[in-house]
Number of protein chains: 2
Amino acid sequence: MPVRLPPPDRASLLPVAGVSLCAVSAGIRKAGRTDLLLIGLAPGTTVAGVFTQNAFCAAPVQVCRMHLASAQAIRALVINTGCANAGTGRQGLADAHKTCQRVAEAGNFLPSQVLPFSTGVILENLPMDRMELGLREAFSKPDASDWFEAAQTIMTTDTQPKAVSRRVMLAGGAVVITGISKGAGMIRPNMATMLGFMATDAEIGQACLAGLTREAADRSFNAITIDGDTSTNDSYMAMATGQSGVALSSTDASVASDWVRFKQAWFEVSEALAQAIVRDGEGATKFMTIRVSSAATSAEARQVAYAVAHSPLVKTAFFASDPNLGRILAAVGYSGVSCLDAGLVSVRINGTLVAEGGQRAASYTEAQGQAAMAPDEIEVDIDLGRGSTQATVWTCDLSHDYISINADYRS
Amino acid sequence: MPVRLPPPDRASLLPVAGVSLCAVSAGIRKAGRTDLLLIGLAPGTTVAGVFTQNAFCAAPVQVCRMHLASAQAIRALVINTGCANAGTGRQGLADAHKTCQRVAEAGNFLPSQVLPFSTGVILENLPMDRMELGLREAFSKPDASDWFEAAQTIMTTDTQPKAVSRRVMLAGGAVVITGISKGAGMIRPNMATMLGFMATDAEIGQACLAGLTREAADRSFNAITIDGDTSTNDSYMAMATGQSGVALSSTDASVASDWVRFKQAWFEVSEALAQAIVRDGEGATKFMTIRVSSAATSAEARQVAYAVAHSPLVKTAFFASDPNLGRILAAVGYSGVSCLDAGLVSVRINGTLVAEGGQRAASYTEAQGQAAMAPDEIEVDIDLGRGSTQATVWTCDLSHDYISINADYRS
């Protein structure tokens with residue numbers, strides 16, 4: 001059961017003019033469910049992306065980087081679940097290239113105008129026969145725009161699809177932002193999440209879109225963690241079709257206020273999609289916001305936040321709703337921040353002052369702690385007392401179900 | 001059930017001349033079991049120690065550092081379980097000092113000749129009334145030398161005592177090495193383990209003993225991890241009473257070969273005590289040796305080994321005996337080693353070549369993987385193909401019982 005994450009309302013998911021979606025069951029993940037998604041993009045669409053920093057990055061990630069660097073206009077994205085095509089060497093690269101080739105042939109454009117994405121088990125080759133059959137079926141289907149089905153198609157151990165839409169009224173006209181994501185495990189993105197795709201019908205230049213994507217990733221997909229495991233396939237893609245006729249730019253002063261409003265809406269969608277991944281994290285029963293403030297640098301604020309968010313002891317204490325809160329101080333202490341003065345650190349749980357001056361707060365009672373730990377959504381505020389910057393990381397607890405899911409993942 | 005860790009054979013634990021042990025039930029942890037240990041040392045004993053690097057280091061750790069720095073000969077160590085006296089501020093320091101004071105009064109030496117150790121729950125004050133009653137009882141008991149009972153007394157969530165003894169025949173005569181340790185959770189020592197104590201009746205000068213302690217810690221207690229949580233109380237102490245009359249030194253050429261043999265035995269005992277902590281790790285069902293070779297530096301070898309050892313996905317795959325071995329490559333990839341060439345990395349599990357050239361080995365079969373993952377003791381060999389240094393880390397799997405134990409620790 002995801003933590004306070006109702007399934008997306010299908011009617012609320014707005015089509016994005018210039019984006020067509022087609023989902024088929026290729027039998028790669030499991031029989032009887034869609035597992036192959038084709039995203040078609042109108043000519044003139046700009047595309048930007050950020051990818052995993054894992055040295056074992058998957059073949060499709062390598063091909064995406066290459067194709068984005070080629071400066072050809074991207075016309076299609078193809079995403080499969082069930083096999084990550086990672087740790088697959090030359091064969092994996094050949095398979096990813098062949099996938100692009102097939103899509104390009106059907107769409108009558110170049111292979112370098114196609115971006116491939118895969119998610120699933122590592123160290124196994126893509127079943128190309130099934131991929132090709134699935135693609136052939138996709139080409140024969142009429143264009144559609146069902147973002148709900150698209151979100152379902154890219155799921156692996158996710159328990160429900162993740163999709164968010166916003167219509168933004170700007171001075172220049174109305175634009176739409178719609179995005180989908182998937183996650184569940186091996187989630188400690190270092191550039192982007194497992195998979196996140198966001199599209200808008202606004203017109204945004206390539207450099208501007210790339211900057212927006214990076215900034216949005218840092219505020220959303222790069223601020224979540226489930227288990228600290230950075231995947232081999234993390235990809236976060238942004239697409240701007242321009243079909244609304246509303247042109248936006250970060251450098252054009254005449255649309256400055258529209259840009260600010262659009263950016264805000266874009267960040268909201270990316271944050272909601274990223275948080276949805278945590279809320280539906282493997283075995284998650286609680287959603288935690290770890291906010292570290294009064295840090296000397298934002299790097300050290302993130303370092304402390306991740307140390308707390310990754311501590312198995314902290315995570316199991318949250319699972320148990322047990323205010324064994326010394327574990328939070330211990331994690332702050334070993335986070336590696338140099339010359340940290342423990343005597344200046346304070347900690348609040350859902351507003352309750354637990355520790356100050358590096359020790360238990362005089363006002364704190366066990367009953368307060370029990371009450372603060374009870375909800376399924378918890379804010380942990382850690383004040384380091386040494387500067388003025390802050391960072392926020394979202395994470396979930398560590399439960400029996402995480403073990404069950406990951407012990408049985410392949411079976 | 002610890003992994004291949006039979007309880008120590010009481011008869012095999014050799015007394016160390018010059019070391020007296022006294023255990024009492026002070027009711028700090030639980031009624032009806034010993035939880036307070038007093039170690040008395042003969043005059044002339046040298047003592048050295050290494051401690052946690054956690055910024056929230058516990059009050060007793062702070063007092064130990066102070067007393068060791070005072071250069072007074074240490075005459076007693078006092079260890080309690082049930083309360084870590086960490087995150088307890090000035091009151092915690094006062095309590096640790098008072099504990100030393102009481103022991104010093106009874107023994108007729110200075111408080112600075114006493115070292116205090118605590119392990120247990122963080123953020124709670126030492127129950128000084130029970131501590132003082134317990135100490136009074138200890139002073140009234142006759143001296144004993146029961147290392148088995150001492151090992152039992154310092155346990156927290158450990159399922160069995162950890163104690164190892166060796167008699168070493170040297171040219172200069174026979175000496176004894178006996179040690180005890182405790183661990184179970186919050187174990188990713190960064191200097192030493194939760195608690196480890198080793199004593200010998202050899203005569204070893206202070207500087208020499210300090211060097212030996214540091215080197216032994218790096219090869220044993222600093223090479224284990226259970227959950228990546230570096231405790232606030234980690235302490236590893238070495239004591240040399242000199243009562244055997246056998247003098248050893250790292251700088252005296254006339255005893256060079258004795259020193260080498262003694263050091264070897266000392267390392268064996270410290271390694272066995274450290275490994276015992278992992279074998280009895282919270283919820284452990286498997287014991288893994290992660291060996292990273294062909295690294296450019298020993299720092300990066302350790303970085304990779306710890307990334308693999310801490311990955312919840314790798315740990316649950318071992319728990320399930322599931323050869324989902326791409327998770328190991330993913331952890332190597334995100335370990336943060338700069339410019340790692342994934343195409344040079346190979347991985348073996350219990351001798352079976354799983355991956356080479358950054359991808360699945362051509363010879364590898366699922367059946368081989370199943371067979372390699374089945375035993376309860378597994379060697380993971382990772383070759384980075386970029387240098388000539390190596391590092392070894394010992395760890396255990398992540399099981400349902402880890403969650404249960406830590407969700408319920410305080411109850």
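Please refer to the structure higher up on the page.
Definitions and cut-offs
Residues numbered from 1 in each chain as written. Chains lettered and ligands numbered in written order. Predicted model: local features only at pLDDT ≥ 70, side-chain atom pairs only at ≥ 80, totals over all residues. Heavy atoms only, no water. Helix = DSSP H or I, 4+ residues; strand = E, 2+ residues; numbered from the N terminus. Buried < 20%, exposed > 50% of the residue type's maximum accessible area, 1.4 Å probe, protein only. Salt bridge = Lys/Arg side-chain N within 4 Å of Asp/Glu carboxyl O. Pairing = 2+ DSSP bridges. Contact = heavy atoms within 4.5 Å. Axes fitted to C-alpha atoms, helices over the stretch in contact; angles between N-to-C directions. Expected span 1.5 Å × (residues − 1). Disulfide = S-S within 2.5 Å. Polar contact = N/O pair within 3.5 Å; in protein donor to acceptor, adjacent residues only side chain to side chain. Nonpolar A, V, L, I, M, F, W, Y, C, P; charged D, E, K, R; others polar. Least-squares fit on C-alpha atoms with pLDDT ≥ 70 in both. Phe/Tyr/Trp six-rings, centres within 6.5 Å; stacked < 30°, edge-to-face > 60°. Lys NZ or Arg CZ within 6 Å of the ring centre and 35° of its normal.

(A) Structural view of unusual backbone geometry. Of note, Asn350 of chain A is a non-glycine position whose phi angle comes to about 45°, a positive value. Within the fold, Asn350 of chain A resides in the loop between strand S14 (346-349) and strand S15 (352-356). A residue is classified by how much of its surface remains accessible, and Asn350 of chain A, at 30% relative accessible area, is partly exposed. Phi at Ser294 of chain B is positive, roughly 55°, even though this residue is not glycine. Along the polypeptide, Ser294 of chain B turns up in strand S13 (residues 287-295). Of the residues examined, Ser294 of chain B reaches a relative accessible area of 19% and is grouped as buried.

(B) Examining the pattern of salt bridges more closely. All names here are of chain B. Summed over all chains, the structure comprises 30 salt bridges over all chains. For Arg4, the salt bridge goes to Asp376, with nearest N and O atoms at 2.7 Å. Residue Arg4 is located in the segment before strand S1 (19-24), and its partner Asp376 is located in the loop between helix H10 (366-373) and strand S17 (377-383); the two are separated by 372 residues in the primary sequence. Of the residues examined, Arg4 reaches a relative accessible area of 53% and is grouped as exposed. A relative accessible area of 29% means that Asp376 is categorised as partly exposed. Between Lys98 and Glu132 there is a salt bridge whose closest N-O contact spans 3.5 Å.

(C) View of the sheet that holds S15 of chain A. Residues and elements named next belong to chain A. Strand order across the open sheet formed by seven strands is S10-S18-S13-S17-S14-S15-S16, with mixed pairing between neighbours. The open sheet has two free edges, formed respectively by strand S10 (224-225) and strand S16 (359-360), since each of these has just one partner strand. Pairing of S14 with strand S17 (residues 377-383) involves four bridges; the strand directions are antiparallel. What sits directly across from Arg348, in S17, is Asp381. Strands S10, strand S13 (287-295), S17 and strand S18 (389-396) of the sheet are contacted by helix H6 (residues 256-279), whose axis makes an angle of about 45° with S18.

(D) Summary view of helix H1 (residues 59-69) of chain B. All names here are of chain B. Listed as buried for H1 are Ala59, Pro60, Val61, Val63, Cys64 and His67. Contacts from the buried residues of H1 go to strand S3 (46-51), helix H2 (89-107), strand S5 (114-121) and strand S11 (235-240). At the C-terminal side of H1, Ala71 shows a positive phi close to 65°.

(E) Layout of H2 of chain B. With 19 residues, H2 of chain B extends 28 Å from end C-alpha to end C-alpha; this agrees with the ideal 27 Å at 1.5 Å per step. For H2 of chain B, the full list of buried residues reads Gly92, Asp95, Ala96, Thr99, Cys100, Val103 and Ala104 of chain B.

(F) Local environment of the pairing of strand S6 (residues 162-170) of chain B. All names here are of chain B. Direction of pairing for S6 relative to strand S7 (residues 173-182): antiparallel, over a ladder of nine bridges. Following the sheet pairing, Ser165 is matched in S7 by Thr178. Between S6 and S7, which follow one another and run antiparallel, lie two residues.

(G) Quick look at the sheet that holds S3 of chain B. All names here are of chain B. Pairing within the open sheet is mixed, and its five strands lie in the order S3-S11-S8-S7-S6. Strands at the two margins of the open sheet, each flanked by one partner only, are S3 and S6. Across the sheet, the mean angle from the axis of one strand to that of its neighbour is 10°, orientation sign disregarded. Lying on the sheet, H1 is in contact with S3 and S11; it crosses S3 at an angle near 140°. Relative to S3, helix H5 (residues 206-219) is tilted by about 35°, and along the sheet it contacts S3 and S11.

(H) Broad picture of the state of the cysteines. According to the stated counting rule, one finds zero disulfides over all chains in the structure shown. Free of any disulfide, Cys64 of chain A has its nearest neighbouring cysteine sulfur in Cys100 of chain A, separated by 7.3 Å.

(I) Layout of the side chain of Ser270 of chain A. Residues and elements named next belong to chain A. In this structure, Ser270 sits in helix H6. Judged by its relative accessible area of 0%, Ser270 is buried. Within the structure, Ser270 has its side chain in polar contact with the backbone oxygen of Phe267 (distance 3.0 Å). Setting aside its immediate chain neighbours within four residues, Ser270 contacts Met198, Ala216, Ser220, Phe221 and Tyr236.

(J) Broad picture of the interface of chain A and chain B. Between chain A and chain B, the residue contacts involve 53 residues of the former and 53 residues of the latter. The interface formed by chain A and chain B contains zero salt bridges. At the boundary of chain A and chain B, one finds five residue pairs in polar contact (both at pLDDT 80 or more). Elements represented by at least two residues in the side of chain A that touches chain B include exactly helix H2 (89-107), helix H8 (312-319), helix H9 (326-334), S16 and helix H11 (400-407) of chain A. Ranked by residues supplied to the side of chain A that touches chain B, first place goes to H9 of chain A with seven residues. Here the side of chain A that touches chain B is composed, by residue class, of 25 nonpolar, 19 polar and nine charged.

(K) Spotlight on the relation of the copies chain A and chain B. Mapping chain A onto chain B calls for a rotation angle of 180° and an axial translation of 0.0 Å; the resulting RMSD is 0.0 Å. Seen this way, the second copy is the image of the first under a two-fold rotation axis. Across chain A, the smallest distance between a C-alpha and the rotation axis is recorded for His400 of chain A, namely 2.8 Å. Looking at chain A, 100% of its interface residues are interface residues in chain B too, so the copies touch through the same face.

(L) The arrangement of the packing of aromatic side chains in detail. Taken as a whole and assessed by the stated rule, the structure comprises eight aromatic pairs over all chains. Their ring planes at 25° and their centres at 6.1 Å tell us that Trp259 of chain B and Phe262 of chain B sit as a pair that is stacked. Here Trp259 of chain B pairs with Phe262 of chain B, and both are found in helix H6 (residues 256-279), just three residues apart, close to one helical turn. Here Trp259 of chain B falls in the buried class, since its relative accessible area comes to 8%. Owing to a relative accessible area of 0%, Phe262 of chain B belongs among the buried residues under this scheme. With centroids separated by 5.8 Å and ring planes inclined at 35°, the aromatic side chains of Phe262 of chain B and Trp266 of chain B adopt a geometry described as tilted. With Phe262 of chain B and Trp266 of chain B both in helix H6, this residue pair falls four residues apart, about one helical turn. Comparing Phe262 of chain B with Trp266 of chain B shows no difference in burial state: the two are buried. An aromatic cluster is defined as three or more aromatic residues linked by ring pairs; in this entry it consists of Trp259, Phe262 and Trp266 of chain A. Cation over ring: Arg279 of chain A sits above Phe287 of chain A, and NZ or CZ is 3.9 Å from the ring centre.

The values reported here are purely geometric and, on their own, carry no functional implication.
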